[in-house]
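So you can see what is in the structure, the chains are spelled out below.
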Amino acid sequence: MDMKTKIDFLIERVQKQNPSANVEKIRAAYECASAAHEGQRRKNGDPYIIHPVSVAEIIVEMGLDTDSICAGLMHDCMEDTDFQYDQIAEKFGTSVANLVDGVTRLGQLHYSKEQEQMEDLRKMLIAMAKDIRVILIKLADRLHNMRTIEFMPEEKQRSKSLETMEIYAPIAHRLGMQRIKWELEDLSLQRLDPVGYQEIVDGLERQRNEHAEMLERIKKTIGTKLDESGIRNSISARVKHIYSIYRKMYAQNKSIDEIYDICAVRVIVESVADCYNVLGYVHDLYKPIPGRFKDYISTPKPNGYRSLHTTVIGRSGVPFEVQIRTEEMHKMAEYGVAAHWKYKQGVSSKDSNEETYAWIRQLLESQQDTEAEDFIKAIKVDLFSDEVFVFTPKGDVVNLPAGATPIDFAYGIHSAVGNRMTGCKINGRIASIDYALQNGDIVEILTSKETRGPKRDWLNMIKTSEARNKIKQWFKKECREENIVQGREDLDRELRSSLLYTHFMEKPEIQQSVLTKFGYPSLEELYAAIGYGGITVTKVINKVRDETIRARKKEEVNQPLTTNKQVKSDSGVIVEDIGNCKVKFARCCTPIPGDDIIGYITRGYGVSVHRKDCVNVKNSSPEDRDRWIKVAWDANHIEVKERFSTALQVSTTDRMGVMNEVLQILANNHINVRDFNGKTLSEGFGIINIVIDVTGLSQLDALIKKLRSIKGVINVVRQST
Ligand code: MN
């Protein structure tokens, strides 16, 4: 059959199956694929396009929708040709493009042969295929490749067969797609154990007539009985598939001639009630083998399979299996998940992913079987995504929690890889090390022996405890000196912003009880531990706070009741909760008693006091938020302390004598002048900057009033900046 006929045939079949299918789109997809693969040939010399068309045929057989058929036709376009996602999306829509893209990605996976990886791989395959149709198309692709595998080199045949047996057949099984599963298994077995396979083929061949006769007899017997009873039925009889016989032989350690229940009969009826009726008739006609009856109708298999199974002994003493089901159950058994599209055909041409997933989820969650748990979890990887699967450049799967970064990945490989990490590539491109890994990403860690090791902020970028522990371990070991510096800095900053600094520094008993509590022999050890992340600053601070409160309570008890507990300040300012600490007045806004003030814990030393309306307070950077603390004027002390410096700016018209008058008023009010300078601006205006000592705001306000009354003075303001 030439290609033109082949595609016409395919389209005819689609039309028959689903009159609402978009055959123009399918034909266009074919033309596209045909052009893209022009000149390419398969291993056996056939034009390449035969492969995608055959894959599309399997997809039609599964009963999938138009988009899946188009994607099947173009599934190798992205990989093998210059054809790109955008082109497909433009011509066929994003749905088709996503399907092709998904299948292409699955095709790029590398499989290692380690058994323990297989389960992860199966899960990942499902997780990666955001749309279950991607898996179905991939299964069709694999099935056709397996059918034509004989042209591959022998080594490739074996590795592809192993992969099929370990990954694709189980997936087909889990999706309930028996027919594909059986074929995949038999094709794989043929390459993996050619001798064992041939033994069964030969054995079956020897007994072929026997089997055929027996099956014919049984069909007739059961059929007649059911017809008499008025149960509409269709009966098919077959020899079981080769791999299932193979498994039996090995499990029971028997030869092909010792395996009896090789034949199976399937009865399809119209209703569930009929299923049970048929079971009764079959058990009347043949003697059932005890323990072999299984009711998968009341308890469906994890993959949604429903049927009644029984094994009975035939007239010649040979056992055979009978499966009884309705047409609907049969479709489900043959096509599994794909039956979803089969049923829906003609009902609605568009089905959203969400709907599909809801259906699959429902299917899976209704299963109680513990064997199903893994699979449900695997599906959930995608539906609820709490895991992510990525690859090493060699193709090994690494399973990480969702949100994990290349740093987690690096430490997952080996601590040396993490410690030497300098950057990373995701799917061959340089990426940021805090990138959240996506399913299927190929992650390459760039390392260097020269690197100074992990950074502290990596601890905020990781998800796994493994990476956390290894990074902490590194800091603990590698840079004690730095840890001490960093730890001291962190702790001091927190102590200051919690206003506990003085207590901690000046009270050895508080220090000691904190060290004892956490088991550090010295303050230096505590700093080091904070530095490498062995203990959090918060933990230490909480302990210091507890101890401070305890110590205060003790002091209160020990003090005579008559003594007023008073906070003394040398500066005239009380820093919240601390009392007497180093205080300086900010030069930018020169606060004086009466001003609303706020304190800033300086990086160097002490607290700097600003006016609340100071521009530096308003423009303070967010990182400094914690450094601002409450301060207040110490009413008791202000009377004692003489003067506070502040700055004024007087703007004038440049009249001779204004400066003199200003000085006169300052002198009359006994105000100490620290600095005084005037300058003439253009356009006849002048500015006088004055720094004076005052007792407080009331004195200053009175003074400003007097200065404003001078003729030629435009304004008097306090200086800020
Ligand atoms: Mn292919």
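The rules behind these values
Residues take numbers from 1 onward in each chain, read along the sequence in its written order. Note on the predicted model: pLDDT of at least 70 is required for a residue's local features to be given, and 80 or more for side-chain atom pairs to be given and counted; whole-chain, interface and lining totals, by contrast, use all residues. Each side-chain value is worked out from all heavy atoms of the structure, with water and hydrogens disregarded. Secondary structure elements follow DSSP: runs of H or I of four or more residues count as helices, runs of E of two or more count as strands, with numbering from the N terminus. The span expected for a helix works out to 1.5 Å for each residue beyond the first. We call a residue buried when its accessible area falls under 20% of the maximum for its residue type, exposed when it is over 50%, and partly exposed in between, using a 1.4 Å probe and counting protein chains only. Whether two residues are in contact is decided by their heavy atoms, any of which lying within 4.5 Å being enough. Note on aromatic contacts: the rings of Phe and Tyr and the six-membered ring of Trp form a pair at centre separations within 6.5 Å, being stacked when their planes are under 30 degrees apart, edge-to-face when over 60 apart, and tilted otherwise. Placement of a charge over a ring requires the Lys NZ or Arg CZ to be within 6 Å of the ring centre, with the centre-to-atom vector within 35 degrees of the ring normal. Criterion used throughout: strands pair if DSSP finds at least two bridges between them. We define a salt bridge as a contact between a side-chain nitrogen of Lys or Arg and a carboxyl oxygen of Asp or Glu at a distance within 4 Å. Confidence of the prediction at every residue is given by pLDDT, a number between 0 and 100. For every element, the axis is a line fit to its C-alpha atoms; helices are fit only across the contacting stretch, and the angle between N-to-C directions ranges from 0 to 180 degrees. What we call a nonpolar core is a set of buried Ala, Val, Leu, Ile, Met, Phe, Trp, Tyr and Cys residues that are connected through their side-chain atoms within 4.5 Å. Note on terminology: angles under 35 degrees are roughly parallel, angles over 145 are roughly antiparallel, angles of 65 to 115 are roughly perpendicular, and the others are oblique. Gly is put with the polar residues, along with every residue not named as nonpolar or charged; the nonpolar set is Ala, Val, Leu, Ile, Met, Phe, Trp, Tyr, Cys and Pro, and the charged set is Asp, Glu, Lys and Arg. Patch membership requires over 30% relative accessible area and the absence of a salt bridge. Like charges are linked within 9 Å, and nonpolar side chains (Val, Leu, Ile, Met, Phe, Trp, Tyr) within 5 Å. Using a 1.4 Å probe, the Shrake-Rupley method yields the accessible areas, and only the shown protein chains count as cover for residues.

Here helix α11 (residues 178-192) contains 15 residues, and its C-alpha end-to-end distance of 20 Å stays within 8% of the 21 Å for a straight helix at 1.5 Å per residue. Within the span of α11, buried status applies to Gln178, Ile180, Lys181, Leu184, Glu185, Asp186, Leu187, Ser188 and Leu189. Against the buried residues of α11 lie α3 (50-62), α9 (132-147), α10 (154-174), α12 (194-206), α14 (242-252) and α16 (327-335).

In this description, an aromatic ring pair is defined by two values, namely the gap between the centres and the angle between the planes. Following the criterion strictly, the structure yields nine aromatic pairs and no others. Relative to Trp628, the ring of Tyr600 lies with its centre 4.8 Å away and its plane at 55°, an arrangement referred to as tilted. You can see Tyr600 sitting in strand β14 (residues 597-601) and its partner Trp628 sitting in strand β16 (residues 628-629), a full 28 residues away along the chain. On the basis of relative accessibility, which here comes to 13%, the residue Tyr600 falls in the buried class. Residues Trp633 and Phe644 carry aromatic rings whose centres are separated by 5.6 Å and whose planes lie at 80° to one another, so their mutual orientation is edge-to-face. Here the residue Trp633 occupies a position in strand β17 (residues 631-633), and Phe644 occupies one in strand β18 (residues 644-653), the gap between them amounting to 11 residues. Overall, the relative accessible area of 15% leaves Trp633 in the buried class. Here the aromatic cluster, defined as three or more aromatic residues joined through ring pairs, consists of Tyr243, Tyr246 and Tyr250. Stacked on the ring of Tyr48, the Lys or Arg Arg42 has its end atom at 5.9 Å from the ring centre. The ring of Phe475 is capped by Arg456, whose NZ or CZ atom sits 4.4 Å from the centre of that ring.

A few words on the pairing of β14. Residues in a regular strand point their side chains to alternate faces of the sheet. In terms of burial, β14 is a largely internal element, five of the five residues being buried. Because side chains alternate across β14, one face comprises the buried residues Ile597, Gly599 and Ile601, and the other comprises Ile598 and Tyr600, equally buried. Direction of pairing for β14 relative to strand β15 (residues 607-611): antiparallel, over a ladder of five bridges. Within β15, the residue paired with Tyr600 across the bridge is Ser608.

What follows deals with the pattern of salt bridges. According to the stated counting rule, one finds 22 salt bridges in the structure shown. Here Arg674 ties to Asp693 by a salt bridge, and the two come within 2.6 Å at their closest N and O atoms. Of this pair, Arg674 sits in strand β19 (residues 672-680) while Asp693 sits in strand β20 (residues 685-694); the two residues are 19 residues apart in sequence, bridging distant segments of the chain. What makes Arg674 exposed here is its relative accessible area of 55%. Residue Asp693 is classed as buried on the basis of its relative accessible area, which comes to 5%. One salt-bridge network, held together by shared partners, links Arg13, Glu61, Arg179 and Glu334.

Note on placement: His670 falls in the loop between α30 (658-668) and β19. Distance in space between the C-alpha atoms of His670 and Val694 is 9.6 Å, their sequence separation being 24 residues.

Here the protein chain shows a mean pLDDT of 81. Residues at 70 or above account for 83%. Per-residue pLDDT, averaged within each element of the protein chain, yields its smallest value for helix α19 (residues 373-383) (42) and its largest for strand β2 (residues 263-269) (94). This model gives residues 345-359 a pLDDT under 50, and the stretch forms 26 contacts once residues within four places in sequence are excluded. Within the model, pLDDT remains below 50 along residues 559-566, and this stretch shows two contacts once partners closer than five positions in the same chain are excluded.

A word on the sheet that holds β18. Taken together, four strands build an open sheet; the order of strands is β19-β20-β18-β21 and the sheet is antiparallel. The sheet terminates laterally at β19 and β21 (713-718), the two strands that pair on one side only. For this sheet the average axis-to-axis angle between neighbouring strands, irrespective of direction, equals 15°. Pairing between β18 and β21: five bridges, direction antiparallel.

Turning our eyes to something else, we now look at the sheet that holds strand β9 (residues 421-426). The sheet built from three strands is open, its strands ordered β10-β9-β11 with antiparallel pairing. This sheet does not close on itself; its edge strands, each paired only once, are β10 (429-431) and β11 (443-447). Strand after strand, the sheet turns through a mean of 40° between neighbouring axes, direction not considered. Taken strand by strand, helix α20 (residues 406-413) contacts β9 and β11, and its axis lies near 110° from that of β9.

Right, let's get into the environment of Glu466. Structurally, Glu466 can be placed in helix α22 (residues 465-478). On the basis of relative accessible area, Glu466 is assigned to the partly exposed category, the value being 39%. Between the C-alpha atom of Glu466 and that of Ser415, which follows or precedes it by 51 residues, the distance is 9.2 Å.

Attention now moves to the nonpolar core. In this structure, Met62, Met74 and Leu139 are the most contacted members of the largest nonpolar core, which totals 59 residues. With sequence-adjacent residues up to four places away left out, Leu139 is seen in contact with Met62, Tyr168, Ala172, Leu175, Met177 and Leu184. One finds Ala410, Tyr411, Leu491 and Ile541 within the second-largest nonpolar core, a separate group that totals 47 residues.

You can see Ser161 is positioned in helix α10. Aside from chain neighbours lying at most four places away, what touches Ser161 is Met146, Ile149, Ser188, Arg191 and Leu192.

What follows covers the packing of helix α2 (residues 23-36) against helix α4 (residues 66-73). Viewed as axis vectors pointing N to C, α2 and α4 meet at an angle of 10°, and their least axial separation amounts to 8 Å. Between α2 and α4, the angle falls in the class roughly parallel. Between α2 and α4, the residues in contact are Lys25, Ile26, Ala29, Tyr30 and Ala33 and Thr66, Asp67, Ile69, Cys70 and Leu73, respectively. Residues belonging to the contact of α2 with α4 are distributed by class as follows: seven nonpolar, one polar and two charged.

Let us look at a nonpolar patch on the surface. There is a patch of nonpolar side chains on the surface, built from Leu681, Phe685 and Ile714 and spanning about 260 Å² of accessible area. Along the polypeptide, Leu681 turns up in the loop between β19 and β20. A residue is classified by how much of its surface remains accessible, and Leu681, at 40% relative accessible area, is partly exposed.

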